[in-house]
Structures are given as structure tokens and as C-alpha cells.
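Analysis of the macromolecular model
Residues per chain, in single letters:
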Amino acid sequence: MDYNLLLGVHYRAPQHLRSLMSYNRSLRADGLGIVAEEESMEDEISNYPQGLVLVPRGGGDNSSVVGPHIRGSQLRAASATGDEEVNVDLLLPGTASAILLHIHTLKTTTPFMSFISLSQMELSSIQNLLFIFLISLYIFHFFLIRKPKPTQTTGFKFYPFVGTLPDFIQNRHRFLDWSTEVLSLCPTNTAVFRRPGKVHGVITANPLNVEHILKTNFDNYPKGIRFITLLQDFLGQGIFNSDAHLWKVQRKTASYEFNTKSLRNFVLENVTVETQTRLVPIFQKSAKTNRVLDLQDVLERFAFDNICKLAFNVDPGCLGGDGTAGGEFMTAFEEAATLSSGRFMYALPNLYKIKKFFNMGSEKKLMDSIGVVHEFADKIIKSRMEERAEKRDEDLLSRFIGTDDNSAEFLRDIVISFILAGRDTTSSALTWFFWLLSSRLEIQKKILQELETVRTRNAKRTGETYSFDELREMGYLHAAISEAMRLYPPVPVDTKACKDDDVLPDGTIVKKDWFVTYHTYAMGRMESIWGSDCREFKPERWIENGTVKQESPFRYPVFHAGPRMCLGKELAYIQMKSIAASVMERFEIDVLNKDKCPEHLLSLTLRMKGGLPVKVKERYVEA
Ligand code: HEM
């Protein structure tokens, strides 16, 4: 009997899952099979310790096999008999660190499979069993009582009763790519999505719909209760997680800060100082010692120091010393963002509440990390409130502190939102930018040529600080960064809620309380928007008559659009261009494994799973 081997992981399955499907295996007559006989496959498997599942090739046979993941371990076979039978097999092997649930039925033309896996046996506790039980119940009910009807040919596949859930479970670990594939096949690049628990909505990559949601009918598309509730523990009522009056107040207050000329200078000054005194020395040291750096981590630390200085006039020194200070806070912040966004990915939308109630698993971890983040933010607020009477530079926080009716808790929410805005976005953009550049020498060359032209024109030496106007002259660099964000937008999807029934410009009906997601990541991959070379990294598409083209924010909603458009866009470009120029002209960045596309870590922003390991070499050494 032949089988295909699939690796099953929680929601971060390997992106190259498909390639693994080509590993065919035979079972012995007694139902036992050995995996990982070939060395190459052993390597693959050892990368994914969470588990694996065997399913029948071609779906013609009923048998299904479920087993623990251990390399070279034996797998047990279980058969489903009868046309109506659903085979649910749950293994809890004492030594295995995986629980796998495999469901297979004859009634579907393609085998339907669902599984969860957990990396620790200690996590195989009530919440997981409950999850398994509930999902089994759903699917059992659906397969035994109803026959699946053929549904629409494009869009997300609907199954009676469970809607999009089966496909969602199978693909949530690669949600961005899966939903991009689906949207690109839809006539208007828009699809309806339904999951149990009234999670109904529309996902769109259509610029006309985006304009309607973000601008034309803005009032009908707030963040909404679901979004706000899921992120409340982490973001509280900060600007990213509020609507109506609470949002307006913060937007207005923050706008003053962002609109000043002094801000622009302040940003540039801070970026320059941090680059010269921290970033460059770290790179120099790494070049000398040939040490591998995690570029993503370095850039996040940089951005974190920078935003804290800008928003609160505090220097946490995360990039200072050997570049490892503030580790606890950094880790906690990352974990809080990732686990909070993970709440959107539950198969059963309210399951997180049960876990939260019992303070278990990921919810316990989330609460612990939020505790660390709050402690850090509270310290900033406390010290700043004590200094309130003193005359200080007007930074962002002092504008909010100046308003007497803001509680310490609300100020904390503001602090956290701005750290998120400033830390995770520019660092994400630059990390992907450097990875994309690593295998495109001709683009690197063009950027270096442009830097040289700007230096010559302004009589500058390599390594000297660039002014705001000089950064503006760097059109090609600007285009290359914009192009990197087109393919890897730091905020890859953004969700709103529909207040009242509506019809989108492409004719899609949206019901009250549905979510509406615009999919920036997918939009960068739509032929309808960017043409047949949409997946290519091509900065030239941004250049028109020798200058950078202004793109419509509805075709390129990387910075959002309409009344809630990003306040930090200009600041972000100053920061990103300044860092990219200073680093590129001094160092060659050699990305390890550059030909392999890094996996996404879908948090609130698009991060790289496992960071970006690089080696650096100095291009020029000061005399
Ligand atoms: C590459 C860098 C950046 C990108 C791609 C980006 C993107 C975005 C996006 C997509 C939103 C809308 C989010 C939502 O719906 O809640 C947003 C909002 C916002 N961004 Fe940025 N951002 C960047 C950098 C920054 C920086 C450096 C700051 C400031 C320090 C900043 C401040 C804000 C603020 C305050 C909002 C909230 C606007 C509102 O809700 O009214 N952003 N940004």
C-alpha cells in the first residue's frame, strides 16, 4: 500500500509542504511503516519536530495512518471501513511530543485531513483535548448528516455547516500565500470567507474596494468589536485599537507631533547618532570577527531605540553594548504581538477565552509577556509624570501627559501602540529589503552608484551623514524600498468591521458585523494591478521620467489610506533610507542561504521566522 508523507504542524507548517508530498512510502502488511530511511528526508523531518501524518496517495484508499513524529519511528495504521465511516484516530504516545488527529472519510472526493500538533506533552491538556473534541464534533456532524454539495468554482471553498473551516485549518500556517492564491483566481480578486462562530467576512485585493472601505465609506468600516477585543489585552485602547472618539483624540494629538518640521530633524538626528555610535560599530566588530549577525534582530533593536527616543525621549539602549541589552523586554514584546495575532487564527474563535480563563498554554504565555511589556511602559509613564512640572522637549508622550484627563493606563496603551508602530514596521521592511537585495547584485550596484552621485554632488565622503535633502535625492533607493514593501508589506493584512449592510464597488455584498480585510500582501502579487511581472522585485517600476512615481494608496495600501492613513510614513522613509544608505555604502551584506525564501512569521507585522542571518564585510576601511 503506498502512502504520501505530509508533515503536520500547528499553524506554521513548512512552506515546502508540497515537495514533501512526493515522498512515497510503503507500509508493511502488518500496518507498520518506517519513515525517514533516506538521509535527505531525515533532515527535512528533523526541521519539523511537531509531527507528521501519512495519508493515502490519490485518495482512493480508505486507510489512514497517524503517528508520532520521532525520526525513524514506527507508524501505526488505522482503517476506516464502510462508506459512511469517519475515521478519527488520536494518538497520545507516552514518549512522543506530538498529538496528531487525522480524519478521513470516503464521502469526500479528496481526503479531508485535519490535525493539530503540539510541541510539548505538557500542553496536551484540557484546552487541546477540548479543541480536538469540538472540531471532531463539527466534522463528524457534517460528514455523517450532510453530503457536501459542489460549491462555487472560485473563492474560498465552502463546506456545509463548517464553511471555510476545513481549508482554513489546512492552510492557516501559510495563510498569506493560500489566501493570495485564492484571491488571484477570483474575477474581482475578492472572496467571501465563513467560519463557524459567526466569523463571516470578505477578503479583498481589489483597489476599488479598498478605496471604498478606507475612504469613501470610511464611517461604515471601523475596527469593530471583534478586532478590538482580540487585541485589547496587548494594545488596550491605543490608537491602533480604538474607534470613534478615542481614536480621534489620539489621532489629533499625535498629528501635531508628526506634522512638525522639528520632528523631521529630530528623527534624522537620532537615526544618524544611533547609526554612527551603535549600528556601524556592531557591523564593524562583526566584520572583524566574522560573526554571524541576525539582521532582523539588529534592525528591530535599532528601531526600538529610535521610536522610544522620538515618542518618549527615553533611550533604552537596546542596540548599545554588544547589541543584546533589553533582551527580556524585546522577547516579551515580540511574543505578545505574535500570540495576540495568533488569536485570529483559532479554528474555534472563542477557544482563546477558555484558555485565558484557565490561564493555560499560549494564553498564559501571552499574559506573562504582556506583564513584562506593561512593566516597561509603566516605568516610562511614571518617570515622565513625575517630571511633568519640569520644562521638557515636547515629545509625543508629553503632549498626551499634558492632557489632564488621560489615565496612567491610557498613557500606557499609547506607549505600547507607538512602540509597535515604530519598531516592527521599519525593521520588517528593511529586513525583507536586504534579503531581496542579497541576490540582486545589479540593483545593489545601482543604489551604490546613486549614493556616489549624491556624495559627489554634495562634496561628501563615504560614511558622512546625509541630510534630509540628500536623502530626498535618492530616488532609486526610495523606489527599491517601496518595491520591497510591495512584495513584503510590513502590515500584510488589515481588518475592519462592517457596521451596516453594504455593497462593495465590485458587487460583493457585505453584511452587518462581517469583517472586511484588505490584503496588502496579495495586492502586491495581483497581475490585475502590477502586470504579469508582479512577483518580480523590480524597483524600475517605480521610476517615471527619472523621478519616483506617486502610487495610488488604494493600489498600494502599504501605509493604509484615507483618514486613518499611517502618521509615520515620511518618518519611516527617512529612517529606512538613512539606514540603508549608511549600511550599504560601508558594508557588503552576505545573507546566509540567500536563495531560499525565508518563512513568514505572521505576527501583527510580517516578520521572518528565525531572523535573517548575515555576515558582513567592510567595503571601505577608514584611514
Ligand atoms: C515601513 C514603515 C511603516 C508602515 C508600512 C506602516 C504602515 C501602517 C499601516 C498599514 C497603518 C494602519 C494600521 C491600522 O489599520 O491600524 C499604520 C498606522 C499608523 N502608523 Fe504606520 N507604518 C510604518 C511606520 C510607522 C512609524 C515609524 C510610525 C511612527 C512612529 C507610524 C505610526 C503610525 C500611526 C500612529 C498609525 C495609526 C493611524 C491611525 O489609526 O489613525 N507608522 N501604519
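Residues numbered from 1 in each chain as written. Predicted model: local features only at pLDDT ≥ 70, side-chain atom pairs only at ≥ 80, totals over all residues.

1. Quick word on the overall build of the chain
In plain terms, the rule: In DSSP terms, a helix is any run of H or I states spanning at least four residues, a strand is any run of E spanning at least two, and both are numbered starting from the N terminus. Each residue is classified by how many other C-beta atoms fall within 10 Å of its C-beta atom, where C-beta atoms are placed from the backbone; a count of 20 or more means buried, 12 or fewer means exposed, and values in between mean partly exposed.
The secondary structure content of the chain amounts to 21 helices and 21 strands. Relative to its full complement of 623 residues, the chain shows a buried share of 43%.

2. Digging into the UniProt feature "binding site: heme" (unreviewed entry) in the chain
Applied cut-off: UniProt positions are given in the numbering used here, feature names are shortened, and annotations may be inferred rather than shown by experiment. Think of it this way: build a C-beta for each residue from its backbone, and any pair within 7 Å is a contact.
The UniProt record marks Cys 566 with the feature "binding site: heme" (unreviewed entry), using the residue numbering of this structure. Inspection of the secondary structure puts Cys 566 in the loop between β17 (547-548) and α21 (569-586). In this structure Cys 566 touches Phe 559 and His 560, once residues within four positions along its chain are discounted.

3. Some thoughts on helix α7 (residues 224-235)
To keep it simple, the criterion reads: Any helix carries an expected span of 1.5 Å times its number of residues minus one. When we speak of the arc, we mean the arc of directions from the helix axis to the C-beta atoms.
Taking 1.5 Å as the rise per residue, α7 with twelve residues should run 16 Å; its terminal C-alpha atoms sit only 14 Å apart, a clear shortfall. Within the sequence span of α7, burial applies to Leu 230, Leu 231, Phe 234 and Leu 235. Buried residues of α7, viewed axially, fall in a sector of 115 degrees; they line one side. Along α7, exposed side chains directed more than 90 degrees from the buried face belong to Ile 225 and Thr 229. The first or second residue beyond α7 is Gly 236, which carries a positive phi of 55 degrees.

4. As for the sheet that holds strand β15 (residues 515-519)
Definition in use: A pair of strands is considered paired only if DSSP assigns at least 2 bridges between the two. For helices, the fitted line uses only the C-alpha atoms of the stretch in contact; every axis is such a line through C-alpha atoms, and the angle between N-to-C directions lies from 0 to 180 degrees.
Read across the sheet, four strands follow the order β9-β10-β15-β12 without closing on themselves; strand pairing throughout is mixed. On the outer flanks of this sheet lie β9 (190-195) and β12 (493-497), each paired with one strand and no other. Going across the sheet, the axis of each strand differs from the next one's by a mean of 25 degrees, ignoring polarity.

5. Considering the nonpolar core
Quick note on the threshold: In plain words, the nonpolar core is the set of buried Ala, Val, Leu, Ile, Met, Phe, Trp, Tyr and Cys residues that C-beta atoms within 7 Å link up.
Residues Ala 336, Val 415, Phe 433, Ile 481, Ala 484 and Ala 580 are the most contacted members of the largest nonpolar core, which totals 130 residues. Per element, the largest residue contribution to this core is 17 residues, and it comes from helix α15 (residues 408-438). Residues within four places of Ala 336 in sequence aside, it is in contact with Phe 234, Leu 366, Ser 369, Ile 370 and Val 373. Counting residues in hydrophobic clusters, the runner-up holds eight residues, among them Tyr 159, Val 162, Leu 165 and Tyr 346.

6. Things to note about the packing of α15 against α21
To keep it simple, the criterion reads: Just so you know how the angles are binned, under 35 degrees is roughly parallel, over 145 roughly antiparallel, 65 to 115 roughly perpendicular, and the rest oblique. Left-handed describes a crossing whose near helix is turned anticlockwise from the far helix through less than a right angle; right-handed describes the clockwise counterpart. Lys, Arg, Asp and Glu make up the charged group, whereas Ala, Val, Leu, Ile, Met, Phe, Trp, Tyr, Cys and Pro make up the nonpolar group; the residues left over, Gly among them, are polar.
Across the interface, α15 lies against α21 with an axial gap of 10 Å and an inter-helix angle of 40 degrees. Comparing their axes, α21 and α15 come out oblique. When the axes of α15 and α21 are compared, the crossing they make is right-handed. Of the residues in α21, those in contact with Thr 425, Thr 426, Ala 429, Leu 430 and Phe 433 of α15 are Ala 572, Gln 575, Met 576, Ile 579 and Ala 580. Of the residues contributing to the contact of α15 with α21, the split by class is seven nonpolar, three polar and no charged.

7. Some words on the site of the ligand
Let me state the cut-off plainly: The criterion for a residue being near a molecule or strand is simple: its C-beta atom, placed using the backbone, must lie within 6 Å of it.
The environment of the ligand is formed by 23 residues, the closest being Ala 421, Thr 425, His 560, Cys 566 and Gly 568. Put simply, the parts of the chain that give the shell around the ligand at least two residues each are α8 (244-258), α15 and α21. The element that contributes the greatest number of residues to the shell around the ligand is α15, accounting for six residues. Among the residues making up the shell around the ligand, the classes are represented as 15 nonpolar, five polar and three charged.

8. Quick notes on the environment of Leu 487
Assignment of secondary structure puts Leu 487 in helix α18 (residues 475-487). C-alpha of Leu 487 to C-alpha of Arg 535: the two residues are 48 residues apart in sequence and 7.3 Å apart in space. Excluding anything up to four places from it in sequence, Leu 487 contacts Gly 524 and Phe 537.

9. Describing the sheet that holds strand β18 (residues 587-591)
Taken together, the three strands give an open sheet; going across it, the order is β11-β21-β18, and neighbouring strands pair in antiparallel fashion. Whereas interior strands pair on both sides, the edge strands pair on one side only; in this sheet they are β11 (293-294) and β18. Both β11 and strand β21 (residues 613-618) contribute to a ladder of two bridges, which runs antiparallel. Within β21, the position partnered with Leu 293 by the bridge is Val 614. Those strands touched by helix α9 (residues 261-289) are β11, β18 and β21, and its axis lies near 90 degrees from that of β21.

10. So, unusual backbone geometry
The phi dihedral of Asn 189 is positive, around 55 degrees, even though this residue is not glycine. Along the chain, Asn 189 turns up in the loop between α5 (175-185) and β9. Residue classification places Asn 189 among the buried residues on the basis of 25 C-beta atoms within 10 Å. Unusually for a residue other than glycine, Asn 593 sits at a positive phi of about 55 degrees. Structurally, Asn 593 can be placed in the loop between β18 and β19 (600-602).

11. Observations concerning the packing of α15 against α18
Across the interface, α15 lies against α18 with an axial gap of 9 Å and an inter-helix angle of 100 degrees. The angle between α15 and α18 places the two elements in the roughly perpendicular class. Contacts from Ala 429, Trp 432, Phe 433 and Leu 436 in α15 reach Ala 480, Ile 481, Ala 484 and Met 485 in α18. Among the residues making up the contact of α15 with α18, the classes are represented as eight nonpolar, no polar and no charged.

12. Looking at helix α6 (residues 207-216)
For α6, the tally of buried residues reaches seven of ten residues, placing the bulk of the element in the interior. Along α6, the residues that are buried comprise Pro 207, Asn 209, Val 210, Glu 211, His 212, Ile 213 and Leu 214. The inward-facing, buried residues of α6 abut β9, β10 (199-204), β12, β15 and α20 (527-530).

13. Re the environment of Asp 233
With respect to the helices, strands and loops of the structure, Asp 233 is situated in helix α7. Overall, the presence of 18 C-beta atoms within 10 Å leaves Asp 233 in the partly exposed class. Spatially, the C-alpha atom of Asp 233 lies 10.0 Å from that of Gly 371, the residues being 138 residues apart in sequence. Residues contacting Asp 233, with those up to four places away along its chain left out, are Ser 340, Leu 366 and Ile 370.

14. As for the environment of Arg 619
Position of Arg 619 relative to the elements: it lies in the segment after β21. The exposure class of Arg 619 is partly exposed, given the 13 C-beta atoms found within 10 Å. Excluding its chain neighbours within four sequence positions, the residues that come into contact with Arg 619 are Glu 585, Arg 586, Phe 587 and Glu 588.

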